[in-house]
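Spelled out, the chains give:
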Amino acid sequence: MFSVHGTGIGGGIVIGRARVLESRRFDVARYHVPAAALQAEIDRLDAALRTVKVELRSLSSHLPDDAPSEARALIDVHAMILDDPMLCDAAREQIGEHGWNAEWAVASQADGLAHQFDEFEDPYLRERGRDVQQVADRVLKVLSGTAGQPLGAGEPSIFVAADIAPGDMLALKSALGFAIDQGGTTSHTAILARSMNVPAVVGLDCARDLILDNEWLILDGDNGLVIVAPDETVLAEYQQKQVASRLDRERLKGLIHVPSRTLDGHLIELHANIELPEEAEQAREAGASGIGLFRSEFLFLGRRSLPGEDEQYESYRAAVLAMRGRPVTIRTLDVGADKALDPGDVASITNPALGRRAIRYCLSEPEMFLTQLRAILRASAHGPVRLLIPMLVHGHEIDQALRLIAQARERLRERRQPFDDRMPVGGMIEVPAAALSVGLFLRRLDFLSIGTNDLIQYTLAIDRADHAVAPLYDPFHPAVLRLISMTIRAGHRAGKPVAVCGELAGDHTATRLLLGMGLSEFSMHSASLLLVKREILLADVGRLKGRVSRLLNSDDPAKVQAAMQRLRAEPMGARASAASADPVASEASGAG
Ligand code: PEP
Ligand code: MG
């Protein structure tokens with residue numbers, strides 16, 4: 001028995017036999033083609049490219065209705081890569097100029113491109129290198145005549161692989177879980193596993209080499225752990241955990257329609273974060289009372305041209321309609337740093353996280369920004385929309401953004417296109433300077449949303465994407481907590497709503513802390529909503545406030561950690577004992 005560790009993508013615990021997928025990287029045959037046969041070799045490559053194109057088209061058109069929304073987008077990205085001259089034209093040139101065989105030309109071109117992507121610090125861009133490899137592997141399979149062998153046949157298993165292309169992953173209907181060597185939380189593999197609701201661990205490095213086909217595995221998607229060939233004691237322990245976690249999930253579902261009210265009667269808004277409009281429906285079904293963060297940049301990434309006003313409007317409107325009258329907070333484009341529109345741009349910048357990112361980028365591209373603003377405003381005619389601006393630091397940035405919003409409104413009036421004239425405009429507090437000069441924001445904006453992911457990064461000087469410093473990325477550092485608390489208090493004093501939409505909002509171990517700071521609007525991935533709601537049902541804000549205010553007096557991270565643990569362990573009032581036994585039952589009987 002041994003275990004391997006990676007990044008957990010969630011989904012709980014599964015126990016099953018390993019199905020180790022063949023390495024997708026082939027031993028590529030390399031030989032020189034005689035001059036007289038070069039054109040035939042180029043024709044062989046072109047035929048393979050055409051076959052893969054048809055394959056991808058067919059994959060896309062045969063997607064089942066219930067396929068995750070990202071699936072089609074991912075297949076489209078692969079089709080685009082297949083058309084990219086950097087891959088196919090360059091491979092043709094290698095054949096023509098150097099006399100390489102088609103496999104050699106494709107593999108070396110793909111390796112070169114993937115290597116360039118690997119150089120990026122940003123995990124999102126590194127993942128795009130893997131997409132190039134996956135497309136090249138499809139072409140190599142066709143060239144070698146091994147394409148078309150079904151992956152997923154057989155009994156339900158935990159699939160172990162170096163990486164799995166999105167299209168292939170969808171074919172793995174029998175998957176109990178995924179143990180993948182490559183990728184991080186933003187990899188396509190992770191995104192799809194989450195939307196397929198299959199437990200997964202990514203970034204395992206060497207699982208494919210260490211695990212044998214048919215071996216028993218325990219995969220814990222929540223804790224990023226794969227236990228190989230477990231002994232009887234461990235197996236029994238995890239079987240129990242699995243049953244408990246399943247029961248827990250089932251019980252949690254009973255909370256979907258329960259109002260998220262604390263023991264002392266505070267109603268807390270639980271909103272969802274989405275990347276694509278299709279996720280809004282899922283968020284509503286999971287009980288979200290609104291969308292607290294629609295990361296609009298995902299409509300812009302992985303494509304050659306920017307989406308136009310009508311295309312954006314359709315996407316925003318789809319999310320608004322799916323939420324049936326609940327508020328939808330659409331964040332304007334947050335590109336740059338970890339999400340670059342043009343990867344080439346970022347490569348030449350020493351420190352992209354401190355560069356022309358988010359609102360800085362939008363203000364430097366006013367036409368593009370105005371197009372997005374008009375599209376968001378038009379969507380506001382279909383339901384409550386709030387517009388959220390990321391990465392603000394200066395008053396003049398806010399003023400400039402507000403002027404452009406006024407200009408966008410004016411243009412729509414001229415065109416006689418409807419929009420909500422009172423659409424609230426808010427700003428993200430995700431840079432320490434913003435938290436420290438929050439009055440600047442409150443005087444100009446209608447609401448605030450704290451982006452803890454970046455606030456932690458910029459406060460602690462820890463690159464959120466760099467594994468080497470990951471242990472220092474401490475959401476509970478006193479400096480971070482004070483900035484969050486200051487912002488919430490300032491918002492209350494000014495009578496303006498303040499939300500938290502970074503990952504901290506979805507961390508149920510932080511719920512009491514945030515409630516004690518006075519937070520009443522949380523926004524998170526839909527999968528975390530019910531766990532956080534359970535914490536809320538068992539909390540007494542009045543009592544938490546005093547505890548949290550004492551905790552914030554300490555500037556010692558170790559003391560804060562200890563106080564946090566006490567805060568989490570503390571029973572909350574007489575009614576809490578009934579509620580902790582079964583929050584659903586207690587809520588239904590009016591105990592909460
Ligand atoms: C944040 O920084 O906390 C946030 C929500 O924005 P993003 O993660 O998209 O940078
Ligand atoms: Mg951010």
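Report on the accompanying structure. (Residues numbered from 1 in each chain as written. Chains lettered and ligands numbered in written order. Predicted model: local features only at pLDDT ≥ 70, side-chain atom pairs only at ≥ 80, totals over all residues. Heavy atoms only, no water.)

A word on the coordination of the magnesium ion (ligand 2). In an ideal octahedron of six donors the angles at the metal are 90 or 180 degrees, and in an ideal tetrahedron of four donors they are 109.5 degrees. Here the magnesium ion (ligand 2) is held by Glu-430 (OE) and Asp-454 (OD), and the distances to it run 2.0 to 2.2 Å. Residue Glu-430 is found in the loop between strand 13 (425-429) and helix 16 (432-436), and its partner Asp-454 is found in helix 18 (residues 452-460); the two are separated by 24 residues along the sequence. Across the pair, exposure class does not vary: Glu-430 and Asp-454 are buried alike. (Donors = N, O, S within 2.8 Å, 3.2 Å for Na, K, Ca; no water. Helix = DSSP H or I, 4+ residues; strand = E, 2+ residues; numbered from the N terminus. Buried < 20%, exposed > 50% of the residue type's maximum accessible area, 1.4 Å probe, protein only.)

Bringing the site of ligand 1 into the picture now. If you check the shell around ligand 1, you find 15 residues, and the closest are Arg-295, Arg-331, Gly-451, Asn-453 and Arg-464. If ligand 1 stood free it would expose 290 Å²; the protein chains cover 99% of that surface. Among the elements of the structure, strand 10 (291-295) and helix 18 are those that each provide at least two residues to the shell around ligand 1. Partitioned by chemical class, the residues of the shell around ligand 1 number three nonpolar, four polar and eight charged. (Near = heavy atom within 4 Å. Areas by Shrake-Rupley, 256 points an atom, 1.4 Å probe, with all protein chains shown as cover. Nonpolar A, V, L, I, M, F, W, Y, C, P; charged D, E, K, R; others polar.)

Running from N to C, helix 11 (residues 309-322) and helix 14 (residues 366-379) cross one another at 35°; their axes reach a closest spacing of 8 Å. Considering only the axes of helix 11 and helix 14, their crossing is right-handed. Residues Glu-309, Asp-310, Gln-312, Tyr-313, Tyr-316, Arg-317 and Val-320 of helix 11 touch helix 14, and the partners they reach there are Thr-371, Gln-372, Arg-374, Ala-375, Ile-376, Arg-378 and Ala-379. Its residues assigned to classes, the contact of helix 11 with helix 14 comprises six nonpolar, three polar and five charged. (Axes fitted to C-alpha atoms, helices over the stretch in contact; angles between N-to-C directions. Left-handed = near helix turned anticlockwise from the far one by under 90°. Contact = heavy atoms within 4.5 Å.)

Overall, mixed pairing links the eight strands, which are arranged 1-8-7-3-4-5-6-2 in an open sheet. Two strands lie at the open edges of the sheet, namely strand 1 (2-5) and strand 2 (7-10), each paired on one side alone. Strand after strand, the sheet turns through a mean of 30° between neighbouring axes, direction not considered. Bridge analysis of strand 7 (residues 216-220) against strand 8 (residues 225-228) gives four bridges, and the strand direction is antiparallel. Bridge pairing in strand 8 links Asp-220 to Leu-225. Taken strand by strand, helix 9 (residues 232-253) contacts strand 3 (13-20), strand 7 and strand 8, and its axis lies near 120° from that of strand 3. (Pairing = 2+ DSSP bridges.)

Scanning the entire structure with this criterion turns up 30 salt bridges. Across the salt bridge formed by Arg-374 and Glu-309, the nearest N and O atoms sit 2.7 Å from each other. Here Arg-374, found in helix 14, pairs with Glu-309, found in helix 11; they are 65 residues apart in sequence, far enough to count as distant. What makes Arg-374 buried here is its relative accessible area of 11%. Linking Arg-378 and Glu-309 is a salt bridge whose minimum nitrogen-to-oxygen distance equals 2.7 Å. One end of the pair, Arg-378, is in helix 14; the other, Glu-309, is in helix 11, and 69 residues separate them in sequence. (Salt bridge = Lys/Arg side-chain N within 4 Å of Asp/Glu carboxyl O.)

Right, let's get into the pairing of strand 14 (residues 447-450). Covered by surrounding structure in strand 14 are Phe-447 and Ser-449 together with Leu-448 and Ile-450, the residues of both alternating faces. Pairing of strand 13 with strand 14 involves four bridges; the strand directions are parallel. Bridge pairing links Gly-426 to Phe-447 in strand 14. Direction of pairing for strand 14 relative to strand 15 (residues 498-500): parallel, over a ladder of three bridges. Its bridge partner being in strand 15, Leu-448 is matched across the sheet by Val-498.

On to the packing of aromatic side chains. Inspection of every chain in the model, using the stated rule, returns three aromatic pairs. When the ring of Phe-159 is compared with that of Phe-178, the centres are 6.4 Å apart and the planes differ by 35°; the resulting orientation is tilted. One end of the pair, Phe-159, is in strand 4 (residues 157-161); the other, Phe-178, is in strand 5 (residues 175-180), and 19 residues separate them in sequence. Residue Phe-159 is classed as buried on the basis of its relative accessible area, which comes to 0%. The buried category is assigned to Phe-178, whose relative accessible area is 0%. Seen in terms of ring centroids, Phe-294 and Tyr-316 are 5.8 Å apart; in terms of plane orientation they differ by 80°. Their pairing is edge-to-face. With Phe-294 in strand 10 and Tyr-316 in helix 11, the pair connects residues that are 22 residues apart, well separated along the chain. (Phe/Tyr/Trp six-rings, centres within 6.5 Å; stacked < 30°, edge-to-face > 60°.)

Buried residues dominate strand 4, accounting for five of its five residues. Side-chain alternation along strand 4 places Ser-157, Phe-159 and Ala-161 on one buried face and Ile-158 and Val-160 on a second face that is also buried. Examined bridge by bridge, strand 3 and strand 4 share three bridges and lie parallel to one another. Bridge assignment links Ala-18 to a residue of strand 4, and that residue is Ile-158.

Take helix 4 (residues 102-118) next. Given a rise of 1.5 Å per residue, 17 residues ought to cover 24 Å, and the 24 Å separating the end C-alpha atoms of helix 4 matches this to within 8%. Residues of helix 4 that are buried include every one of Ala-102, Glu-103, Trp-104, Ala-105, Val-106, Ala-107, Gln-109, Ala-110, Leu-113, Ala-114 and Phe-117, and no others. Residues of helix 4 that are buried sit in contact with helix 1 (38-61), helix 3 (88-98) and helix 5 (123-144). (Expected span 1.5 Å × (residues − 1).)

The values reported here are purely geometric and, on their own, carry no functional implication.
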